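Descriptive analysis of the structure
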Amino acid sequence: MPKSMSFAKGSIVYFEGDKDESIYIIQQGIVILKSIELETGSVQVETLKTGEFFGVKSALAHMPRTETACVADDSMILQLSVSDFETIFSNKQAVTEKMLRVFSFSLRDLHKRTEEILKKDAAETPAGEGMFLIANAFYNDEEYRSCCDILKRIIEKHSSTVDMDQVNKLYKDAALKAEQQEHNQSLSSSTGSDNEVTSASLRQFALPVFDRFTKNYKKGDVIISEFEPGETFYLIKSGQVQIVKTMNGQNKNLDVLKPSEFFGEMAILDNSPRTATCVARTDCSCLEFSKENFKLLVMSNGLIVMNLLKLFCKRICDQTRRLKIILIKDISVRIADIFLMLVETDKSKQKALRDDIPQKLKFDVTFGDIAGWAGISQNVAKDELSKMQDRHKIEMYETYINVVNIHDMKRMVDSYYKKLSDMANSSGANKN
């Protein structure tokens, strides 16, 4: 049950890093949220007043707090559990729609900051040119079917803004290689739990009435391309969908989505172009809905709205974590922190980090995956990982990487941040 609590001026509701999963609403008074800006290290301050929520993102994503909540004046604050929040607000469309839009803008801002750090200015790139860069990136990754899909869209919708001789030449070459590649490969659908919508809140979409919304895709098909206008959103019924961002001419993996997850909803919420490319990672089946259907089928269904809010919160936390990684200037430390991030999202591995006994951990990732998370080229990633292997820190294989002792990775990261902290303190002392 929700609980109304009294806080005296100067009290702390929660600290950054706490794993408290409550959601708070200010009934009376003022609360200040203090956080550390990732790029500059400066303290950011946000002042909240009566009627405002806080703690929502970390609670719904089941992640540690990213800020400290300080009470600036004697206050009355309502504390809710996640289930309390869902019960009270799942059918309050005005509140949840506002939250979705705020979270959508937050996520888009994180993507923009990441792009700026990686020196990619998508805002100034015309759609046709941007999509041609994406096609080239898929070609370089030997993802020829995906390359052809992007080029088809350019030919159909953007032929006046690009060099069509280059487009046609690349398409002819990619189509030939795609045919050869598919001849030599057996493309199979995912099996097991990936073959059906398993989420209780979304099981209604398995009803025959929704069959007309179903779209089937082969492995490698491009479902959404970055730079395109956002006119549809999707729910995965079966298979997997990979979210890809093209930066500096290379594809970076952002996420892999599974049945019952949405994608494409950001552009629907804020009427903006797509910010990423979504590719069928396996043969998959998706429900495709239009903007008109979004309010009818999503916003009017409390269970689905809550599922979408949780998805946004998780993506914001994940993208913030990845932004923190690419801000690390030492590439080897950046890679070490990627392994720590992977442990944080895998409960089966978290005990190894808590225990003092060294344990070998297997990660089902490749140097290409590491390159995507680190924001570096595959060659640089391979070189850095080879150095780690030479030092017996890891064992690298074609489809997975073993970390010999995860505590070594943590020591590298902790040492890096300690040096930064010491430098900042020294600089501050000198100024004084």
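Residues numbered from 1 in each chain as written. Predicted model: local features only at pLDDT ≥ 70, side-chain atom pairs only at ≥ 80, totals over all residues. Heavy atoms only, no water.

**Thoughts on the environment of T114**
Tracing the backbone through its elements, the reader meets T114 in helix α3 (residues 93-117). Judged by relative accessible area, T114 falls into the buried class, the value being 5%. Remark: the alpha-carbon pair of T114 and I326, spanning 212 residues in sequence, is separated by 8.1 Å. Setting aside residues up to four positions removed in sequence, T114 forms contacts with M247, Q319, L323 and I326. (Helix = DSSP H or I, 4+ residues; strand = E, 2+ residues; numbered from the N terminus. Buried < 20%, exposed > 50% of the residue type's maximum accessible area, 1.4 Å probe, protein only. Contact = heavy atoms within 4.5 Å.)

**Comments concerning the pairing of strand β15 (residues 277-280)**
Because side chains alternate across β15, one face comprises the buried residues T277 and V279, and the other comprises C278 and A280, equally buried. In terms of strand pairing, strand β10 (residues 222-224) meets β15 through two bridges, oriented antiparallel. The residue bridging I224 from the neighbouring strand is C278, located in β15. Of the strand pairs in this sheet, strand β12 (residues 241-247) and β15 are connected by four bridges, and their pairing is antiparallel. Among the inter-strand pairings, I243 is bridged to a residue of β15, identified as C278. (Pairing = 2+ DSSP bridges.)

**Some remarks on the sheet that holds strand β14 (residues 262-263)**
Spatially, the four strands line up as an open sheet ordered β9-β16-β11-β14, and their pairing is antiparallel. Strands at the two margins of the open sheet, each flanked by one partner only, are β9 (214-217) and β14. Sheet topology note: the β9/strand β16 (residues 284-290) ladder contains four bridges and is antiparallel. Pairing of N216 across the sheet is with S285, part of β16. Contacts between helix α8 (residues 291-299) and the sheet are confined to β11 (232-238), β14 and β16, with β16 contributing the most and set at about 100 degrees to the helix. (Axes fitted to C-alpha atoms, helices over the stretch in contact; angles between N-to-C directions.)

**Notes on the sheet that holds β10**
Strand order across the open sheet formed by four strands is β10-β15-β12-β13, with antiparallel pairing between neighbours. Taken across any chain shown, the strands that pair with only one partner, and hence form the sheet edges, are β10 and β13 (250-257). Looking at each pair of strands side by side, their axes are set apart by 35 degrees on average, direction ignored.

**With respect to the packing of α8 against helix α9 (residues 302-326)**
Put simply, α8 and α9 touch, their axes get as near as 7 Å, and they point 105 degrees apart. Between α8 and α9, the angle is such that the two are roughly perpendicular. Residue-level contacts link F294, L297, V298 and M299 of α8 to I304, V305 and L308 of α9. Broken down by class, the residue content of the contact of α8 with α9 amounts to seven nonpolar, no polar and no charged. (Parallel < 35°, antiparallel > 145°, perpendicular 65-115°, else oblique. Nonpolar A, V, L, I, M, F, W, Y, C, P; charged D, E, K, R; others polar.)

**Observations concerning the state of the cysteines**
Following the criterion strictly, the structure yields zero disulfides and no others. Just so you know, C147 is unpaired, no disulfide at all, and the nearest cysteine sulfur is the one on C148, 5.5 Å from it. Residue C147 is classed as buried on the basis of its relative accessible area of 0%. C313 provides the cysteine sulfur closest to C317, a residue in no disulfide bond, and the two sulfurs are 6.8 Å apart. (Disulfide = S-S within 2.5 Å.)

**Regarding a nonpolar patch on the surface**
Taken together, the side chains of I36, V43 and V45 define a hydrophobic patch exposed on the protein surface, amounting to about 270 Å² of accessible area. Along the polypeptide, V45 turns up in strand β5 (residues 43-48). Residue classification places V45 among the exposed residues on the basis of a relative accessible area of 53%. (Patch = residues over 30% accessible without salt bridge, like charges linked within 9 Å, V, L, I, M, F, W, Y side chains within 5 Å. Areas by Shrake-Rupley, 256 points an atom, 1.4 Å probe, with all protein chains shown as cover. Salt bridge = Lys/Arg side-chain N within 4 Å of Asp/Glu carboxyl O.)

**Re helix α4 (residues 127-140)**
Relative to the 20 Å expected for 14 residues at 1.5 Å per residue, α4 spans 20 Å between its end C-alpha atoms, a close match to the ideal helical length. Turning to α4, its buried residues are G128, G130, M131, F132, I134, A135, A137, F138 and Y139. The secondary structure elements touched by the buried residues of α4 are α5 (144-157), α6 (164-184), β12, β13 and β15. Immediately beyond the C-terminal end of α4, within one or two residues, lies E142, with a positive phi of roughly 65 degrees. (Expected span 1.5 Å × (residues − 1).)

**Some words on the side chain of S146**
Note on placement: S146 falls in helix α5. Not counting residues up to four positions away in its chain, the partners in contact with S146 are F138, G220, V222 and V279.

**Remarks on the pairing of strand β4 (residues 31-36)**
Two strands pair when backbone bridges link them, and β4 and β5 are joined in this way by six bridges, in the antiparallel orientation. Looking at β5, one finds that I36 is bridged to V43. Counting the residues between successive antiparallel strands, the hairpin from β4 to β5 contains six residues, one of them, G41, with a positive phi of roughly 80 degrees. In terms of strand pairing, β4 meets strand β7 (residues 68-71) through four bridges, oriented antiparallel. Bridge assignment links K34 to a residue of β7, and that residue is T68.

**Focus: the environment of K295**
With respect to the helices and strands, K295 occurs in helix α8. Assessed through its relative accessible area of 44%, K295 is described here as partly exposed.

**Digging into the packing of α3 against α9**
The interhelical angle for the contact between α3 and α9, taken along N-to-C directions, is 20 degrees, at an axis separation of 10 Å. Here α9 runs roughly parallel to α3, going by the angle between their axes. Taken as a pair, α3 and α9 cross one another with a handedness that is left-handed. Contact with α3, carried on its side by T96, M99, L100, F103, S104, S106, L107, L110, H111, R113, T114 and I117, involves V305, M306, L308, L309, F312, C313, R315, I316, Q319, T320, L323 and I326 of α9 and no other residues of that element. For the contact of α3 with α9, the class distribution of residues is 15 nonpolar, seven polar and two charged. (Left-handed = near helix turned anticlockwise from the far one by under 90°.)

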